[in-house]
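# Residue-level structure breakdown
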Amino acid sequence: MTVETYKIGKNILENLTSGMYTDSKFIYREYVQNSADAIDLAIQQNIVDKQNAKILININPQLRIITIEDNATGISQVDAVSLLDNVADSMKDKNINKGFRGIGRLGGLAYCKKLVFETSAYGEDIKTIMTWDADLLHKILNDPKDKSDAASVIDRIVNLKTESEKSNEHYFKVSLVDVKESNNNLLDKDLIREYLSQVAPVDFNKTIFLLSGKIREEMSYHNKTLDTYNVFINNDSIYKTYQNSLIDTNGTCYDKISDIDYREFYNKVGELLAWSWVGISKFDKCIPEKNNPQRCIRLKKSNIQLGNSDTLSFLHKETRGNGYFIGEVHAMHPELIPNARRDYFNNNETLLELEAKLREYFNSLYNLYHLANDQKNAIKKQNEYIQKKQEYEEKSQTGLFVNAEEQQKELKYLEELKNNAEKAKKISENIDKKAEENKILKNVVTFIKKDYGNDLDEIPEIQIEQNQNNKKVYRSNKLNKLNREQRKLISKVYDILNKILDPETAECVKQKIEEEFS
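The sections below set out a description of the structure shown in this document.

Rules behind the numbers
- Residues numbered from 1 in each chain as written.
- Predicted model: local features only at pLDDT ≥ 70, side-chain atom pairs only at ≥ 80, totals over all residues.
- Heavy atoms only, no water.
- Salt bridge = Lys/Arg side-chain N within 4 Å of Asp/Glu carboxyl O.
- Helix = DSSP H or I, 4+ residues; strand = E, 2+ residues; numbered from the N terminus.
- Buried < 20%, exposed > 50% of the residue type's maximum accessible area, 1.4 Å probe, protein only.
- Pairing = 2+ DSSP bridges.
- Contact = heavy atoms within 4.5 Å.
- Polar contact = N/O pair within 3.5 Å; in protein donor to acceptor, adjacent residues only side chain to side chain.
- Core = buried A, V, L, I, M, F, W, Y, C linked by side-chain atoms within 4.5 Å.

### Focus on the pattern of salt bridges
Inspection of every chain in the model, using the stated rule, returns 30 salt bridges. Between Arg216 and Asp203 there is a salt bridge, with its nearest N and O atoms 2.7 Å apart. Of the two residues, Arg216 is situated in helix α7 (residues 212–221) and Asp203 in the loop between α6 (189–199) and α7; the sequence distance between them amounts to 13 residues. Taking the relative accessible area as the measure of exposure, Arg216 reaches 27% and is therefore partly exposed. The residue Lys449 makes a salt bridge to Asp455 at a minimum N-O spacing of 3.2 Å.

### Section: the pairing of strand β10 (residues 253–256)
With three bridges connecting them, strand β9 (residues 245–247) and β10 associate as antiparallel partners. Bridge pairing in β10 links Ile247 to Cys253.

### As for α6
One full turn of an α-helix is made of 3.6 residues, so residues set three or four places apart face in the same direction. Within α6 the residues assigned to the buried category are Ile192, Tyr195, Leu196, Ser197, Gln198 and Val199. Tucked into the core, α6 has its buried residues touching α2 (26–44), β1 (54–60), β7 (230–233), β13 (296–301) and β14 (304–306). Where α6 begins, the side chain of Asp188 points an oxygen toward the backbone nitrogen of Asp190, at a separation of 3.2 Å.

### Structural notes on the nonpolar core
Counting 53 residues, the largest nonpolar core has Tyr28, Ile57, Leu115, Trp132, Leu176 and Leu196 as its most contacted members. In contact with Ile57, other than residues within four places in its own chain, are Tyr28, Val32, Thr67, Ile68, Leu196, Val231, Phe232, Ile233 and Asn234. Core analysis: the second largest hydrophobic core is formed by 38 residues, Val329, Leu336, Leu354 and Val445 among them.

This is the structure in structure tokens:
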């Protein structure tokens, strides 16, 4: 048997950097993820405690430099080369660590001219500095005449040096030097802050998301924990983006998260697949993307987001359904393994079981927001009938109808509204019965009735009396400066106005006529 020497071409480096992801912002998630793993280890080794462990991100648009630094274990000098120079050769455990493939740290190569790693381990008086020449890498990759393999390319673009350091220092720092003009979005602090607040393993902001306390209570009761870390961007703390208010496109609050629904999902042998929390509102409408970065139910593993806001939409009965909610699904089973792009999981039987469970749950959420909509419409129809009934009876009493034809037309319309209100009341009563067996639906119904009003005890009949003397009095009769024939003519004019003008303009003209001839 002939032993052949296999060669890994240089293009693998392009695939592992710019070719792997569609969104350049992923580099922040990857480096924060690596820092989180290092902090977990540092806490285990009593190098740092949870409270003082930090991930510091600094963005300098003027100098075009990005740094991500943690005060965790650092890497010892003897391990630095093997850990930082090797590609896709990580020592991490995929069942324990958040990152485990050993490729995420190279992501920055696609977006800057130099990528620099600086690190020092606790107890060592030396730090290691490894510089990757991204500019040279791109020149080599773009040169069709250069047939170098991946290993020789790395040898050419990597520079390693050491410097003295205080022995009590322990850190790992990544620097993207001279970020490319085409990637200015990476230097937008507000954009990156919003991105990290959605994807990074950070805590809730308790002051703006009051229901985070209830989520914590549910987690504690069910013995669940949430991996959270102190992440800062230019010295500002980053929190999850959730808030109680749902904001319309014009910047006003149109609804609020008034409760949360906590669930757990198990496979057929009783193993926990995932747990979730979902925000409950009145479901007035699909949450607008503008002003609501927290919209949709997000997928998380180790409290780090997989994919984007739409990742779980395909499991909903209707795609838009995900947009009615805020919330998170936290995958827990060890066989739910994020894929290389971290936009979903590797396909396996465990994933199919989770999808089936989530699809069943999301179907119940579909029913929830549809029943909420039916309840609101039912109350609106009852309220509309009462309002139109009052208007009709007032016009009858005060003689504001133009003629008998107009009055009969409005009466017929009012009778239709009455029929609709009666049907709506029955719909609402049926929803109330369902709510007695469904705690979440009951809460939603309570929230809706608080804002929209309760159902009518009964649908009142229409009062058809014309006035105090029970005589037919129409609008033109008030024109006491005109004789009977002239009033009849004005009545016809009123009728024409109703047919050719919008109601507001027609009413304005009628009032002018009445001011003139009353």
